[in-house]
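# Analysis of the macromolecular model
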Amino acid sequence: MSATVNWIPEGMDREVPSAARAYDYIAGGTHHFEADRKLGDQVLSVLPARDMSRHNRQYLQRVVRFMAGRGIRQFIDLGSGLPVRGNVHETAQQAAPECRVVYVDNERATIEHSELMLRGDERTAMVGEDLRDPDAVLNAEATRRLIDFSRPVGFLMLGVTQFLHDEDDPWAITAAYRRALPSGSYLALSCFTWDNDRETMRNTVEMFRRSGRTPIVPRTGEEVRRLLGDFELLDPGLVFTPQWCPDGASGAAEERSNLYAAVARKP
């Protein structure tokens, strides 16, 4: 089977769009179908999502390298989407081959694709659970097999909090994960925000509402800070994604985005 099709499960309905595949399309990837491209084009009609996805992926890679450089050898990525090129396991294992990665997603198509894409990688797994259920995520077989909670963990929640509504209590959910992490662990966030371009965010929220898809909830900087709890916010603080420790591949350090970024450490 060629590399172009070995990620597609037998019997996959290509007419049903997948949020993860649509994101891959927006990000310039190759793992998507026509239905996903139509969904992605809907998003692109109201939101500069190509730039946002580029900034978020570059931020992910900088964060993972940062954590690996400080001795982190195990990572959990909530709401991960597809484990395509440049994602957590590839970046982490380039920095330190012994790194172990648990991806978490509850979209059935994403789980099925990921299980094929990760075949043969004993240090990486997909957990098919809803991130709103911390107990299920933390006690999943793959999590317990790959993550040693007596040692620091790199915990990633990138581009996912907008799908947690206030009635889900994202602050309580994040607090449950923070409690489970040992001292020395890192929490990295990227979150949709109102604070850069309110009109674009308003149009995006309305597009999701009209399309019948799960509404999104951008948040203010103060609401994002609450997700960090009593963890120590690291420099450069709460900034837009391209502004978090930019490197030569990241563009202008003053560039803004519709995503906030923050990294904090558990004392």
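Residues numbered from 1 in each chain as written. Predicted model: local features only at pLDDT ≥ 70, side-chain atom pairs only at ≥ 80, totals over all residues. Heavy atoms only, no water.

### With respect to the overall build of the chain
For the chain, the count of helices and strands is ten helices and eight strands. Relative to a compact globule of 267 residues, whose C-alpha radius of gyration would be 18 Å, the chain shows 17 Å and is just as compact. For the C-alpha atoms alone, the extent of the chain along its principal axes is close to 45 × 45 × 40 Å. The buried share of the chain, taken over its 267 residues, is 55%. Sequence separation of 24 or more characterises 71% of the internal contacts of the chain that already satisfy a separation of 6 or more. Side-chain charges of the chain comprise 33 positive and 39 negative groups, with the mean position of each set lying 3 Å from the other. (Helix = DSSP H or I, 4+ residues; strand = E, 2+ residues; numbered from the N terminus. Rg over C-alpha atoms; globule rule 2.2 N^0.38 Å. Buried < 20%, exposed > 50% of the residue type's maximum accessible area, 1.4 Å probe, protein only. Contact = heavy atoms within 4.5 Å. Lys, Arg positive; Asp, Glu negative; His and termini not counted. Charge placed at Lys NZ, Arg CZ, Asp CG, Glu CD.)

### With respect to the nonpolar core
Within soluble globular proteins, side chains that are nonpolar generally end up buried alongside one another. By size, the foremost hydrophobic cluster in this structure holds 35 residues, and its most contacted members are Ile 76, Leu 78, Phe 155, Tyr 177 and Leu 189. Setting aside residues up to four positions removed in sequence, Leu 189 forms contacts with Tyr 59, Met 157, Leu 158, Val 224, Leu 227, Leu 228, Tyr 260, Ala 261 and Ala 262. The next biggest cluster of nonpolar side chains, apart from the first, holds 26 residues, and it includes Leu 60, Met 67, Leu 118 and Trp 244. (Core = buried A, V, L, I, M, F, W, Y, C linked by side-chain atoms within 4.5 Å.)

### Quick notes on the environment of Glu 122
Here Glu 122 lies in the loop between helix 5 (108–117) and strand 3 (124–127). Along the primary structure Glu 122 and Arg 100 are separated by 22 residues, whereas in three dimensions their C-alpha atoms are 8.5 Å apart. Among all residues touching Glu 122, those that are not within four sequence positions of it are Arg 145 and Leu 146.

### A few points about helix 4 (residues 88–95)
Taken residue by residue, helix 4 has Val 88, His 89, Thr 91, Ala 92 and Gln 93 as its buried positions. Buried residues in helix 4 make contact with helix 3 (49–69), strand 1 (74–78), strand 2 (100–104), strand 3 and strand 4 (154–158).

### Quick notes on the packing of helix 1 (residues 19–26) against helix 3
Across the interface, helix 1 lies against helix 3 with an axial gap of 9 Å and an inter-helix angle of 95°. As summarised for this structure, helix 1 and helix 3 are arranged roughly perpendicular, according to the angle between their axes. From helix 1, Tyr 23, Tyr 25 and Ile 26 reach across to helix 3, where they touch Ala 49, Arg 50, Ser 53, Asn 56 and Arg 57. Taken together, the residues of the contact of helix 1 with helix 3 sort by class into four nonpolar, two polar and two charged. (Axes fitted to C-alpha atoms, helices over the stretch in contact; angles between N-to-C directions. Parallel < 35°, antiparallel > 145°, perpendicular 65-115°, else oblique. Nonpolar A, V, L, I, M, F, W, Y, C, P; charged D, E, K, R; others polar.)

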